[in-house]
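Remarks on the overall topology
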Amino acid sequence: AGLRRPQQRRAAHRVAGMRARCAMVDRESVGGPAPAQQELQPRHRGTPALRCEHPKQRLRCPGCLCYITPQKMRQHLGMCCPDVLEELLANPEFARGKWTGDGNEAFDWKRVEAEGARIEETRTGAVSDLMFFSDLSELDFEERQSRVAERAGLPLQRVQWLCKKLSKAQELPFRNEPPFAEGEVLLEDEHILVVNKRAGLKAQPRHRWEGGSLINQAIKHMGGAKVHPVHRLDQWTSGVTVLAKSVYAANHLQEQFTGRLVKKQYLALCAGIPDEDVFDVNAPLMPHRTEKVIQIVDEEGKRSTTRVHVVARSPQLAGDRRTDNQHPPLKHSELKENGSCIALCEPLTGRTHQIRVHMASIGCGLHGDELYGMEGSVIGRQALHAFTLSIVHPISGENLRLVAPLPEDMRRALELLEFPDWSQLLPWACNVSEE
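Calculation notes
- Residues numbered from 1 in each chain as written.
- Predicted model: local features only at pLDDT ≥ 70, side-chain atom pairs only at ≥ 80, totals over all residues.
- Heavy atoms only, no water.
- Core = buried A, V, L, I, M, F, W, Y, C linked by side-chain atoms within 4.5 Å.
- Buried < 20%, exposed > 50% of the residue type's maximum accessible area, 1.4 Å probe, protein only.
- Contact = heavy atoms within 4.5 Å.
- Salt bridge = Lys/Arg side-chain N within 4 Å of Asp/Glu carboxyl O.
- Helix = DSSP H or I, 4+ residues; strand = E, 2+ residues; numbered from the N terminus.
- Polar contact = N/O pair within 3.5 Å; in protein donor to acceptor, adjacent residues only side chain to side chain.
- Pairing = 2+ DSSP bridges.
- Disulfide = S-S within 2.5 Å.
- pLDDT = per-residue confidence, 0-100.
- Axes fitted to C-alpha atoms, helices over the stretch in contact; angles between N-to-C directions.
- Parallel < 35°, antiparallel > 145°, perpendicular 65-115°, else oblique.
- Nonpolar A, V, L, I, M, F, W, Y, C, P; charged D, E, K, R; others polar.

1. Describing the nonpolar core
Core analysis: the biggest nonpolar cluster contains 35 residues, and Cys 270, Met 359 and Ile 391 have the highest contact counts within it. Other than its neighbours up to four places away in sequence, Ile 391 contacts Val 242, Leu 253, Gln 256, Val 262, Glu 398, Asn 399, Leu 400 and Leu 402. Of all hydrophobic cores here, the second largest spans 17 residues; its members include Cys 81, Leu 88, Leu 89 and Trp 109.

2. Digging into the pattern of salt bridges
Scanning all chains against the criterion turns up 15 salt bridges. Of the charged contacts, one joins Arg 158 and Asp 83 as a salt bridge, the two residues approaching to 2.7 Å between their closest N and O atoms. Taken together, the positions of Arg 158 in helix H6 (residues 156–169) and Asp 83 in helix H3 (residues 82–89) put the pair 75 residues apart, joining distant regions of the chain. The residues Arg 158 and Asp 83 share a single accessibility class, namely buried. Arg 289 is the salt-bridge partner of Glu 300, the closest N and O atoms lying 3.9 Å from each other. Of this pair, Glu 300 sits in the loop between strand S10 (295–297) and strand S11 (305–314) while Arg 289 is found in the loop between strand S9 (285–287) and S10, placing the two residues 11 residues apart along the sequence. The exposed category is assigned to Glu 300, whose relative accessible area is 64%. Looking at Arg 289, the relative accessible area reads 49%, which means it is partly exposed.

3. A short note on unusual backbone geometry
For His 353, which is not glycine, the phi torsion reads 55 degrees and is therefore positive. Note on placement: His 353 falls in the loop between strand S13 (340–347) and helix H9 (354–361). We classify His 353 as buried; its relative accessible area is 12%.

4. Thoughts on the environment of Arg 123
The residue Arg 123 is located in helix H4 (residues 109–132) in this model. For the pair Arg 123 and Asp 83, spaced 40 residues apart in sequence, the C-alpha separation works out to 9.2 Å. A distance of 2.8 Å separates a polar atom in the side chain of Arg 123 from a polar atom in the side chain of Asp 83.

5. A few points about H9
Burial of H9 is extensive: eight of the eight residues sit out of reach of the surface. When H9 is considered as a whole, its buried residues turn out to be Gln 354, Ile 355, Arg 356, Val 357, His 358, Met 359, Ala 360 and Ser 361. Gly 363 sits one or two residues past H9 and shows a positive phi near 85 degrees.

6. Comments concerning the pairing of strand S15 (residues 384–392)
Counting buried positions over the nine residues of S15 gives seven, a clear majority of the element. Alignment of strand S6 (residues 238–244) against S15, held across two bridges, turns out to be parallel. Across the sheet, residue Gly 239 finds its bridge partner in S15, namely Ala 386. Note: strand S7 (residues 263–271) against S15, six bridges, orientation antiparallel. Directly across from Ala 268, in S15, lies its bridge partner Leu 384. The pairing of S15 with strand S16 (residues 399–403) spans five bridges and is antiparallel.

7. Considerations on the state of the cysteines
Here the structure, examined in full by the defined rule, presents zero disulfides. Free of any disulfide, Cys 81 has its nearest neighbouring cysteine sulfur in Cys 80, separated by 4.3 Å.

8. Observations concerning the confidence of the model for the chain
Low-pLDDT portions of the prediction should not be read for the details of their coordinates. On average, residues of the chain carry a pLDDT of 77, and 71% of them reach 70 or more. Taken as a whole, residues 25–55 scores under 50 in pLDDT and shows 45 contacts with residues more than four places along the chain or in a different chain. Low pLDDT, under 50, characterises residues 323–333; the stretch is placed with 18 contacts to residues that sit more than four places away or in other chains.

9. Details of the packing of helix H2 (residues 73–80) against H3
Where H2 meets H3, the axes come as close as 6 Å, and the angle between the chain directions of the two elements is 130 degrees. One element, H2, and the other, H3, form an angle in the oblique class. Every residue of H3 that contacts H2 at Arg 74, Leu 77, Gly 78, Met 79 and Cys 80 is listed here: Pro 82, Leu 85, Leu 88 and Leu 89. Split by residue class, the contact of H2 with H3 holds seven nonpolar, one polar and one charged.

Quick look at the structure:
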């Protein structure tokens, strides 16, 4: 009676049900009569809890896979999957007059359950064919769902639910993925796979049935075997990425990332030269209040620290600085117009867009960064490259320092900005073998 919160009340109901079932088992084990109990059925989409007079006759809904009493089966199917109910009623075996509410033994409820499951499987297969193997497969995901709903004659919400079920059962597509280019695989053994991710390649697919990501390519590279992502980079950030080939290796590596035992260094091409050569940027970050994809500097955000080391400078400053101030919550100092620099950034915390926001907060935003930095013709994406990653091998315990060569677009940007002898300053960025 003293429980006020719905979660606490539901927990009390579950505990009471478990105790009642245990009491029934105990009495049956000693030969005593089992008391008549009424089991509380699970809630479904806001419907009231249902009590069943015949617990053994509970049926499984083909749509949501919940267990429903026979007396409420027709009502539940009308809310959950009305197309299945309509096809069931069209069958003379399941005529409307036979859907009695008193649990009539003459009506084969298990036959209803089996036929509903068959209809649901047919619906799922039809939606799967339209989603992935038709002319609609090239459309955007949301638009594809709308077009599938029109063709199949189903409500949009129903198609969305079927797609959600498909996403749990379908394997990631990999047969049409291109193989890794020469030099993209930096290290591979029986336990881990290290790849130099190119800019523009998504780290993982948005949905399980979509391809075109690093995970799909890795599965293709491994002949269909499962891989486990340990960390990920932004789509337009290039550099070293580690994938695990087993659950044990993935858990071991994730513990290193969460425990901040991994050392990461990024090469950033910044528009503006800081006043100091080596310094730390301490600025708490949080998502924008209206545009969640954007991070802002705010005192209420999470603690974030980036260590910056300026290794080269150039008086050139190409491109057009963003002056429209589209994101006023981004608190940054006066923009620096004194040239460009190459900065090695080591994030001591792992926040979204951390390096990009921190460099913009000191007036040295990244070249090509349309959100926080400077857009122009030097490079067509944010000039950020994850060039080195230091980890401990999950099996052998060996200390590994993984280095990814500098991509071609970053090299061209350095040449356009006329950095003096940058190839001699950064030999590790030109050839992995020198490490």
